[in-house]
Amino acid sequence: MKLNIRQERIKRGWSCDYVAGIVGISDEAKRLIENGQRKPSYEVLVKLEDLFGKTHRELFAEAEEPNG
């Protein structure tokens, strides 16, 4: 499952490492969160909302795959 947070990060041209550094988590933890395999702590969730300017519902909704 891919989440909108990944699309938002890519849209901004940010690497996983960049976002992880800003919110204070490891790159691996960020990848697991993006892939829906790990839930962020409340503190990390708030930082992600602030960084992206989106609500957690917007960031963690399942991403729509482009029709091909």
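Above this text you will find the structure in question.
Note that the coordinates shown come from a computational prediction; the quantities given were computed from them, not determined experimentally. (Residues numbered from 1 in each chain as written. Predicted model: local features only at pLDDT ≥ 70, side-chain atom pairs only at ≥ 80, totals over all residues. Heavy atoms only, no water.)

### Some thoughts on the side chain of Arg 9
And then number 1: In this fold, Arg 9 is placed in helix H1 (residues 4–11).
And then number 2: The residues touching Arg 9, leaving out its near neighbours within four places in the chain, are Trp 14, Ser 15, Cys 16, Val 19, Glu 34 and Phe 52. (Helix = DSSP H or I, 4+ residues; strand = E, 2+ residues; numbered from the N terminus. Contact = heavy atoms within 4.5 Å.)

### Description of the environment of Val 23
And then number 1: One can find Val 23 in helix H2 (residues 16–23).
And then number 2: For Val 23 and Asp 50, which are 27 residues apart along the polypeptide, the C-alpha to C-alpha distance reads 9.7 Å.
And then number 3: Among all residues touching Val 23, those that are not within four sequence positions of it are Val 44, Lys 47, Leu 48 and Leu 51.

### A short note on the nonpolar core
And then number 1: In terms of nonpolar packing, the biggest core is built from eight residues, these being Leu 3, Ile 5, Val 19, Val 23, Val 44, Leu 48, Phe 52 and Leu 59.
And then number 2: Those elements that provide at least two residues to this core are H2 and helix H4 (42–52).
And then number 3: A total of three residues in this core trace back to one element, the largest contributor, which is H4.
And then number 4: Setting aside residues no more than four positions away along its own chain, Ile 5 makes contact with Lys 30, Glu 34, Leu 48, Phe 52, Leu 59 and Phe 60. (Core = buried A, V, L, I, M, F, W, Y, C linked by side-chain atoms within 4.5 Å. Buried < 20%, exposed > 50% of the residue type's maximum accessible area, 1.4 Å probe, protein only.)

### Let's talk about the packing of aromatic side chains
And then number 1: Summed over all chains, the structure comprises two aromatic pairs.
And then number 2: An angle of 50° between the planes, with centres 5.4 Å apart, marks the rings of Trp 14 and Tyr 18 as tilted.
And then number 3: Assessed through its relative accessible area of 22%, Trp 14 is described here as partly exposed.
And then number 4: Here Trp 14 and Phe 52 contribute two aromatic rings whose centre-to-centre distance is 5.4 Å and whose plane-to-plane angle is 50°, an arrangement assigned as tilted. Taken together, the residues span a long stretch of sequence, with Trp 14 in the loop between H1 and H2 and Phe 52 in helix H4 at a distance of 38 residues.
And then number 5: Here the aromatic residues Trp 14, Tyr 18 and Phe 52 are joined through ring pairs into a cluster of three or more.
And then number 6: Taking the ring centre of Trp 14 as reference, the NZ or CZ of Arg 12 above it sits at 5.6 Å. (Phe/Tyr/Trp six-rings, centres within 6.5 Å; stacked < 30°, edge-to-face > 60°. Lys NZ or Arg CZ within 6 Å of the ring centre and 35° of its normal.)

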